[in-house]
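# Coordinates in review
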Amino acid sequence: MYYISYRDQMLVIEKLYNSTDSVTSTKKFNEKYANKLGKMGVGQMAISDFARKMRQTHFSEVYIERYIKDVTKQDIDLDTF
């Protein structure tokens, strides 16, 4: 099982917001989705759990998969979840 660190979560979120500031992007993300998904960027979690949660957002699955791979070097196929 692969895990994604809090820092890598923040980097994926930064890329999804097309930003250069992972802290601000993660804060913005958590303000919108924390009640539904829990806070991101605070602890390590299974990469599959992170992908499942990200799938419930407004972001495109193509970009979610791409940025998870860019940051973690792990292939994720959201269609398998």
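How each quantity is defined
Residues numbered from 1 in each chain as written. Predicted model: local features only at pLDDT ≥ 70, side-chain atom pairs only at ≥ 80, totals over all residues. Heavy atoms only, no water. Core = buried A, V, L, I, M, F, W, Y, C linked by side-chain atoms within 4.5 Å. Buried < 20%, exposed > 50% of the residue type's maximum accessible area, 1.4 Å probe, protein only. Helix = DSSP H or I, 4+ residues; strand = E, 2+ residues; numbered from the N terminus. Contact = heavy atoms within 4.5 Å. Phe/Tyr/Trp six-rings, centres within 6.5 Å; stacked < 30°, edge-to-face > 60°.

## Some thoughts on the nonpolar core
- In this structure, Val12, Phe29, Phe50, Met54 and Ile68 are the most contacted members of the largest nonpolar core, which totals 21 residues.
- Within the residue set of this core, elements represented by two or more residues are helix H1 (6–16), helix H2 (22–37), helix H3 (47–55) and helix H4 (61–72).
- Contact partners of Phe50, with chain neighbours within four places excluded, come to Ile4, Gln9, Val12, Met40, Met45 and Ile68.

## Section: the packing of aromatic side chains
- Going through the model one piece at a time under the given rule, you end up with four aromatic pairs.
- Plain terms: the ring middles of Phe29 and Tyr33 are 4.9 Å apart, the flat faces sit at 40° to each other, and that makes the pair tilted. Placement of both Phe29 and Tyr33 in helix H2 is noted, with a separation of four residues, approximately one turn of the helix. Taken as a pair, Phe29 and Tyr33 share a single burial class, namely buried.
- Ring centres 6.5 Å apart and planes at 15° place the aromatic pair Phe29 and Phe59 in the stacked group. Residue Phe29 is found in helix H2, and its partner Phe59 is found in the loop between H3 and H4; the two are separated by 30 residues along the sequence. In this pair, the class of Phe29 matches that of Phe59, namely buried.
- Here the aromatic residues Tyr17, Phe29, Tyr33 and Phe59 are joined through ring pairs into a cluster of three or more.

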